[in-house]
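Close look at the chain arrangement
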Amino acid sequence: MKTLPQPAVGSSRRPVYFWFVVPGLLATLAVIVFPWAFTVWMSLHEWKLGGTAVWVGLRNYAELAVNQRFLESIWHTFYFTILAVILPLVLGTFAAVVFHRTFPLRGLLRTIFIMPMMATPVAIALVWTMMFHPQLGVLNYLLSLVGIGPSEWVFARHTVIPSLALVEVWLWTPFVMIIVLGGLAAVPSEPYESAQLDGATRWQMFWKITFPLVLPFIVVAGIIRTIDALKAFEVIYVISSGGPGTASETLNLYLYAQAFAYYNVGTASAVVVVFFAIVVALSLVLLWARERAKWY
Amino acid sequence: MKNIVASRRTLLRGAALGVLAAPMLNTKTLFAQSGAFNWKRFQGQSLEISLIRSPRGDLLKRHQAEFEALTGIKVGVEDIPEQQQRQKVVIELNSGRPSFDVVHLSYHVQKRQFAKAKWLAEVGGMLNDAQLTPAEYDRADLTQRGLDYATDDGKINSLPWSVDYWLLYWNKELFQAKGVAYPRTIDEIVTAAARLHDPANGIAGITARGLRNANVPVWTQLMLGWGQEATAGAPPRLMTDTDDAIAAARVYQTLLRNSGPQGVAGFNWNESQSLFAQGRAAMWIDGVGFAPPVEDPQRSRVVGKVGYGIFPAGPKAHHSGMFGDGIGIASASRKKEAAFLYCLWTTNKQMSNRLLQGGSGVPFRRSSLQDQATLSALTVPKEWADCVRGSGEIARAALPVIVPVTEFRDVFGTALTNTIGGADPAAEMRRATAEFRPVLERSEQG
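Let me begin by describing the structure that accompanies this report.

Cut-off values and rules
Residues numbered from 1 in each chain as written. Chains lettered and ligands numbered in written order. Predicted model: local features only at pLDDT ≥ 70, side-chain atom pairs only at ≥ 80, totals over all residues. Heavy atoms only, no water. Helix = DSSP H or I, 4+ residues; strand = E, 2+ residues; numbered from the N terminus. Buried < 20%, exposed > 50% of the residue type's maximum accessible area, 1.4 Å probe, protein only. Contact = heavy atoms within 4.5 Å. Areas by Shrake-Rupley, 256 points an atom, 1.4 Å probe, with all protein chains shown as cover. Lys, Arg positive; Asp, Glu negative; His and termini not counted. Charge placed at Lys NZ, Arg CZ, Asp CG, Glu CD. Core = buried A, V, L, I, M, F, W, Y, C linked by side-chain atoms within 4.5 Å. Salt bridge = Lys/Arg side-chain N within 4 Å of Asp/Glu carboxyl O. Axes fitted to C-alpha atoms, helices over the stretch in contact; angles between N-to-C directions. Parallel < 35°, antiparallel > 145°, perpendicular 65-115°, else oblique. Left-handed = near helix turned anticlockwise from the far one by under 90°. Nonpolar A, V, L, I, M, F, W, Y, C, P; charged D, E, K, R; others polar. Buried area = accessible area lost by both parts, 1.4 Å probe. Polar contact = N/O pair within 3.5 Å; in protein donor to acceptor, adjacent residues only side chain to side chain. Phe/Tyr/Trp six-rings, centres within 6.5 Å; stacked < 30°, edge-to-face > 60°. Lys NZ or Arg CZ within 6 Å of the ring centre and 35° of its normal.

**Structural notes on the overall build of chain B**
Helices and strands together make up the secondary structure of chain B, namely 20 helices and 13 strands. Over its C-alpha atoms, taken along the principal directions, chain B stretches across nearly 100 × 50 × 30 Å. Of all 446 residues assigned to chain B, the portion counted as buried reaches 59%. Long-range contacts, defined as pairs at least 24 residues apart, comprise 74% of the intrachain contacts of chain B with a sequence gap of at least 6. For chain B, the exposed area adds up to about 18,100 Å²; of that, 51% sits on carbon and sulfur atoms. Distance between charge centroids for chain B: 6 Å, based on 51 positive and 43 negative side chains.

Here's what the structure looks like:
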């Protein structure tokens, strides 16, 4: 019987293997390491398009640390993200539990429910912009039918972020529902039979059996939604452009303004680096949460 | 050896032909010899044009075949929305190798930026040369304000194309119902707006832009009533926290906070247009380009009821805010003369008249507003044309000629939006001025 050649003990074969790594290494350097290194390098310069880059060290970061507009944009990002993650998770889980049960026309209603997810966000944002119009929009008309006074929706500072989150909720609740439905399909029926024999209520069965079993799926949905909400741009840009004033300006919109409206490449690069640090920190928290939610 | 002789003969023949043809390669000589303007000089070439998607850009595309037939030049057009086009051209021009030869630019945003970076080719020489510009182009017909807009450091770097004056749209029916006369001064606008404001019946006394950035021209238009612009001198000094600037901000606040529609802090021109076209606002401050939609029976309930008023006088001066577009040639283009023909065609009398006829733009030409054939073919009321003519006589630039125009609009736009929410105009203007001053100073140094 022939045996496969064994690599020699020591390092005599290593240089041969090394060359197989080179293409991957070059690709990684070109598309990940170089852009990052270049971004960090640019963040250490004052550089406006049309002008020359001037080395300023950490000045861009120092200015961001005391820039009220930038600091507010971080708060707006978190506020928007919390609403745009928590609400779809709650409503999506509820919808999944409802659609998991068997009832007439369930398939049709499920299809209708997931339709918002299929729409283009920019087109949806334009439709919602018209719906939000305080005088001519359909939302205030609907409120008037049930005796509620008009709201200013995205046209007032205190309601703009919840209103924008409402659009995200409408868009992405079906996504959470689909993931949780997948989890529910894998849940065994025996625990429910035992619980029924023991006289458990529906709420007790949900809270003590269903919820712990689908929690890992909810956490996965939460991680994906958090990443999506953090990078949300088109809905906010189209509907409010970060306004009124800067009331709904998130980090993404602030970054966009610095890079493509003011052409401050250096400052924009510093914002990218800070944003990256925030995303990494948040990802670590979410990964920790995912580990905690695992079945053992 | 025989081959070498043949090659030498070919070379000599070619050289001789080259010597004979050399004058033909000189544009001036060609035009001088022909005795008439030769539009086909660059036949067979192709040009790439970057346009802002707008009624002006649409007009060029609609008549593009006419230019191609006239010159034999093939044209490729990329038209994209205003904000995206501005970003794209800056990035491409900065790269040194733009994908276009001709660019549509907004003077009120890009004039100083383009001039500082030397992104545009000088066209003044070609424009003033009778052999390069046909006599019928009539350079003297271009308005001085247009040429001033196109001129940087004494050089004409583009051709002025379209001007946008700010005016006061008013709903005659609502004015008549309340017995209110058209306001002749800024103070009277405030009084009239208060009288016409009727929120119980869903009527706003006045509407205008409240959205950050978009709202700044409303304030600068008001400030012109005090005879003041946002900056003065060279290098530019900010005049945005003077008593007059604050007074203008206070009028802005009074109008929109007390007599504006609910949610006006988030209104751009389109929300105001919808409201006015539905007969839900008595007055509307904005640019000249909105006559077509408000006179369109498919989209408007106020057709035939709209008045177009020259913007009323302020306490110290009477001006109409002016914004403008031009068309220029990228300095990196290798087809500058062919590109110049396109610029000439864009801004010639016929195309200018067409621009005016549609009511969506006003050319930087004197003759268009006097041309009876054009005026009789207007698709919007004659009152609009009268208003445009009157506004042109008192026009003054409404935005400062500085590099960071967008940042200026964002910073002061936020302050103005805050005033709608109840913030003190004086405090907001001083805060915004302090915030923007270092940005301006840095831009002048760079």
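On we go from here.
**Overview of the nonpolar core**
The tendency in soluble globular proteins is for nonpolar side chains to be buried side by side. Among the nonpolar cores identified, the biggest contains 179 residues, and Trp219(B), Met283(B), Tyr342(B), Trp384(B) and Phe408(B) are the most heavily contacted of them. The element that contributes the greatest number of residues to this core is helix α7 (residues 157-185) of chain A, accounting for 14 residues. The contact partners of Trp219(B), leaving out residues within four places of it in the chain, are Thr240(B), Ala245(B), Ala248(B), Ala249(B), Tyr252(B), Phe408(B), Phe412(B), Leu416(B) and Met429(B). Listed in part, the twelve residues of the second largest apolar core include Leu64(A), Ala268(A), Val271(A) and Ile278(A).

**Digging into the pattern of salt bridges**
This model, assessed by the stated rule, comprises 34 salt bridges over all chains. Across the pair Glu63(A) and Arg442(B) runs a salt bridge, and its minimum N-O distance is 3.5 Å. One end of the pair, Glu63(A), is in helix α2 (residues 59-65); the other, Arg442(B), is in helix α20 (residues 425-445), on a second chain. Overlapping salt bridges, with partners in common, bring together Glu46(A), Arg59(A), Glu63(A) and Arg442(B) in one network.

**A few points about the packing of helix α11 (residues 251-261) of chain A against helix α12 (residues 265-292) of chain A**
Residues and elements named next belong to chain A. One way to put it is that α11 packs onto α12 with a least axis distance of 8 Å and a crossing angle of 160 degrees. Of the possible angle classes, the one that applies to α11 and α12 is roughly antiparallel. Crossing geometry of α11 relative to α12 is assigned as left-handed. Residue-level contacts link Leu 251, Asn 252, Tyr 254, Leu 255, Gln 258 and Ala 259 of α11 to Thr 267, Ala 268, Val 271, Val 272, Phe 275 and Ile 278 of α12. Classifying every residue of the contact of α11 with α12 gives nine nonpolar, three polar and no charged.

**Some remarks on the interface of chain B and chain A**
The interface of chain B with chain A comprises 32 residues on the first partner and 31 residues on the second. A buried area of about 2,600 Å², summed over both sides, lies between chain B and chain A, and 54% of it is on carbon and sulfur atoms. Contact with chain A buries area across many residues of chain B, yet Gln87(B), Arg212(B) and Gln262(B) alone supply 23% of it, more than any other trio. Where chain B packs against chain A, one counts four salt bridges. Connecting chain B to chain A are ten residue pairs in polar contact (both at pLDDT 80 or more).

**Some details on the environment of Arg225(A)**
All names here are of chain A. Relative to the helices and strands, Arg 225 resides in helix α9 (residues 202-230). Considered as a pair, Arg 225 and Thr 173 are 52 residues apart in the sequence and their alpha carbons are 9.7 Å apart. Setting aside chain neighbours within four positions, we find Arg 225 in contact with Ala 84, Val 85, Pro 88, Glu 168, Trp 172, Phe 175 and Val 176.

**Concerning the packing of helix α5 (residues 82-95) of chain B against helix α6 (residues 107-117) of chain B**
Residue and element names in this part refer to chain B. Orientation of α5 relative to α6, taken along the N-to-C sense of each, is 5 degrees, at an axis distance of 12 Å. Between α5 and α6, the crossing angle belongs to the class labelled roughly parallel. Seen from α5, the contacting residues are Arg 86, Val 89, Val 90 and Leu 93; seen from α6, they are His 108, Val 109, Gln 110, Gln 113 and Phe 114.

**A few points about unusual backbone geometry**
Going from Gly243(A) to Pro244(A), the amide bond is cis rather than trans, its omega being -5 degrees. One can find Pro244(A) in the loop between α10 (234-239) and α11. Between Ala234(B) and Pro235(B) the backbone carries a cis peptide bond, its omega angle lying at 0 degrees. Even without a glycine there, the phi angle at Trp153(A) is positive, about 45 degrees. Locating Trp153(A) in the fold gives a position in the loop between α6 (138-145) and α7.

**Details of the packing of aromatic side chains**
Tallied over the entire structure, the rule returns 41 aromatic pairs over all chains. Here the aromatic rings of Phe38(A) and Trp41(A) are separated by 5.6 Å at their centres, their planes lie at 15 degrees, and the arrangement is stacked. In this pair, Phe38(A) and Trp41(A) both sit in helix α1 (residues 14-43), three residues apart, roughly one turn of the helix. What makes Phe38(A) partly exposed here is its relative accessible area of 32%. Among the aromatic residues, ring-to-ring pairing joins Tyr169(B), Trp269(B), Phe276(B), Trp284(B), Phe290(B) and Tyr308(B) into one connected group. Sitting over the face of the ring of Tyr137(B), Arg365(B) holds its NZ or CZ atom 4.7 Å from the ring centroid.

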